[in-house]
Amino acid sequence: GAVVSQHPSRVICKSGTSVKIECRSLDFQATTMFWYRQFPKQSLMLMATSNEGSKATYEQGVEKDKFLINHASLTLSTLTVTSAHPEDSSFYICSAREWGGNTEAFFGQGTRLTVV
Amino acid sequence: SQQGEEDPQALSIQEGENATMNCSYKTSINNLQWYRQNSGRGLVHLILIRSNEREKHSGRLRVTLDTSKKSSSLLITASRAADTASYFCATSGNTPLVFGKGTRLSVIA
């Protein structure tokens with residue numbers, strides 16, 4: 001299947017700093033990518049839908065100024081956690097579809113963020 | 001908001017036994033997908049079943065879909081210790097995938 005690469009896989013940062021997570025579709029173009037957050041032993045919660053060339057659509061309760069999403073090209077979306085706090089520590093996963101809504105989604109490997 | 005709900009939440013079986021997980025959802029869908037997640041890792045797509053399909057097989061996996069009951073089941077036959085993971089169903093309409101809470105499967109050797 002298609003490959004989605006997410007980087008970094010693990011990051012530790014200090015409170016107050018910002019962290020950028022990259023999500024790349026390596027062998028296909030993704031006009032839409034999705035960012036999920038997962039707490040331990042919990043399900044994946046959709047944070048936002050990233051649309052190439054336009055603003056991201058955020059789910060209710062997700063602070064758009066806190067979680068900045070940029071989908072600058074058909075193969076790259078970035079999630080920046082700004083002014084990180086310990087409660088932002090979580091597992092973040094991106095997903096991309098090759099086209100349409102009737103195909104499987106491909107997921108990145110996830111990023112384990114720890115804010116100290 | 002989450003749509004899929006898997007049950008059981010946790011399942012522990014012996015190697016060689018079959019494991020069955022169920023998923024219920026609330027609204028109409030285009031397809032339903034099952035994913036596997038090893039602890040602390042990303043998701044791996046297992047199988048996709050479209051709304052006009054009732055059953056699908058892939059290796060040791062068998063998925064059924066009952067759109068009248070808005071439910072799906074995932075059967076893993078002849079389980080192995082390596083099948084230990086969390087399994088999620090996800091539904092897709094014209095929206096992003098929405099995941100259930102998952103079933104944590106433990107296969108004991």
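Residues numbered from 1 in each chain as written. Chains lettered and ligands numbered in written order. Predicted model: local features only at pLDDT ≥ 70, side-chain atom pairs only at ≥ 80, totals over all residues. Heavy atoms only, no water.

Q: Which residues make up the overall build of chain B, and what are the values?
A: Looking only at helices and strands, one finds zero helices and 11 strands in chain B. Moving toward the C terminus, one meets the helices and strands of chain B in the order β-β-β-β-β-β-β-β-β-β-β. Relative to a compact globule of 109 residues, whose C-alpha radius of gyration would be 13 Å, chain B shows 13 Å and is just as compact. Taken along its principal axes, the extent of the C-alpha atoms in chain B is 40 × 25 × 20 Å. Looking at chain B as a whole, 48% of its 109 residues are labelled buried. In chain B, the share of contacts with a sequence separation of at least 24, taken over all contacts with a separation of at least 6, comes to 55%. (Helix = DSSP H or I, 4+ residues; strand = E, 2+ residues; numbered from the N terminus. Rg over C-alpha atoms; globule rule 2.2 N^0.38 Å. Buried < 20%, exposed > 50% of the residue type's maximum accessible area, 1.4 Å probe, protein only. Contact = heavy atoms within 4.5 Å.)

Q: Which residues make up the state of the cysteines, and what are the values?
A: Enumeration according to the criterion identifies two disulfides over all chains in this entry. Between the sulfur atoms of A:Cys23 and its disulfide partner A:Cys94 the distance amounts to 2.0 Å. Because the torsion about its S-S bond is 80°, the bridge between A:Cys23 and A:Cys94 counts as right-handed. Separated by 71 residues along the polypeptide, A:Cys23 in strand β3 (residues 19-25) and A:Cys94 in strand β9 (residues 90-96) bring together distant segments of the chain. The residues A:Cys23 and A:Cys94 share a single accessibility class, namely buried. A sulfur-sulfur distance of 2.0 Å marks the disulfide that ties B:Cys23 to B:Cys89. (Disulfide = S-S within 2.5 Å.)

Q: Break down the environment of A:Thr57 for me, with residues and values.
A: Tracing the backbone shows A:Thr57 in strand β6 (residues 57-58). Ignoring anything within four residues of it in the chain, the contact list for A:Thr57 reads A:Met47, A:Ala48, A:Thr49 and A:Asn51.

Q: Which residues make up the sheet that holds strand β8 (residues 76-81) of chain A, and what values go with them?
A: All names here are of chain A. Strand order in the open sheet formed by four strands is β1-β3-β8-β7, with antiparallel pairing between adjacent strands. Looking along the sheet, the strands with just one partner apiece sit at the ends: β1 (4-7) and β7 (67-73). For this sheet, the mean inter-axis angle between neighbouring strands, taken without regard to orientation, is 15°. By the bridge criterion, six bridges tie β3 to β8 in an arrangement that is antiparallel. From the neighbouring strand, Ile21 faces β8, where its bridge partner is Leu79. (Pairing = 2+ DSSP bridges. Axes fitted to C-alpha atoms, helices over the stretch in contact; angles between N-to-C directions.)

Q: If you had to explain the pattern of salt bridges to someone new, which residues and values would you point to?
A: All names here are of chain A. Overall, the coordinates contain six salt bridges over all chains when judged by the stated rule. We note a salt bridge from Lys66 to Asp88, for which the minimum N-O separation is 2.6 Å. With a gap of 22 residues between them, Lys66 in the loop between β6 and β7 and Asp88 in the loop between β8 and β9 connect regions that are remote in the sequence. (Salt bridge = Lys/Arg side-chain N within 4 Å of Asp/Glu carboxyl O.)

Q: Explain the sheet that holds strand β1 (residues 5-7) of chain B to me, using residue names and the numbers behind them.
A: All names here are of chain B. Ordered by their spatial adjacency, five strands build an open sheet running β1-β3-β8-β7-β6, and the pairing between neighbours is antiparallel. In the strand order of this sheet, the two ends are held by β1 and β6 (55-58), each with one partner. In this sheet, neighbouring strand axes are inclined to one another by 15° on average, regardless of whether the strands run parallel or antiparallel. Pairing of β6 with strand β7 (residues 61-66), which is carried by four bridges, proceeds in the antiparallel orientation. Bridge pairing links Lys56 to Val63 in β7.

Q: Provide a residue-level description of the interface of chain B and chain A, including the pertinent values.
A: Where interface size is given, it is often the accessible area lost as the parts come together that is meant. Each partner contributes to the interface: chain B provides 23 residues, whereas chain A provides 22 residues. Interface area for chain B against chain A, summed over the two sides, is near 1,600 Å², with a carbon-plus-sulfur share of 52%. Taken together, chain B and chain A are joined by zero salt bridges. Joining chain B to chain A, the criterion identifies three residue pairs in polar contact (both at pLDDT 80 or more). Those elements that place two or more of their residues in the side of chain B that touches chain A are β4 (31-37), β5 (43-50) and β9 (85-92) of chain B. A breakdown of the residues in the side of chain B that touches chain A according to their chemical character gives seven nonpolar, 12 polar and four charged. (Buried area = accessible area lost by both parts, 1.4 Å probe. Polar contact = N/O pair within 3.5 Å; in protein donor to acceptor, adjacent residues only side chain to side chain. Nonpolar A, V, L, I, M, F, W, Y, C, P; charged D, E, K, R; others polar.)

Q: Give me the pairing of strand β4 (residues 32-38) of chain A: which residues, what numbers.
A: Residues and elements named next belong to chain A. Along β4, six of the seven residues are buried, which leaves the element largely enclosed by surrounding structure. Pairing analysis gives seven bridges linking β4 to strand β5 (residues 44-51), with the strands arranged antiparallel. By the bridge assignment for β5, Thr32 is matched with Asn51. Adjacent in sequence and paired antiparallel, β4 and β5 are bridged by five residues, among which Lys41 carries a positive phi angle near 60°. When β4 meets β9, the two strands line up antiparallel, connected through six bridges. Within the sheet, the bridge partner assigned to Phe34 lies in β9 and is Ser95.

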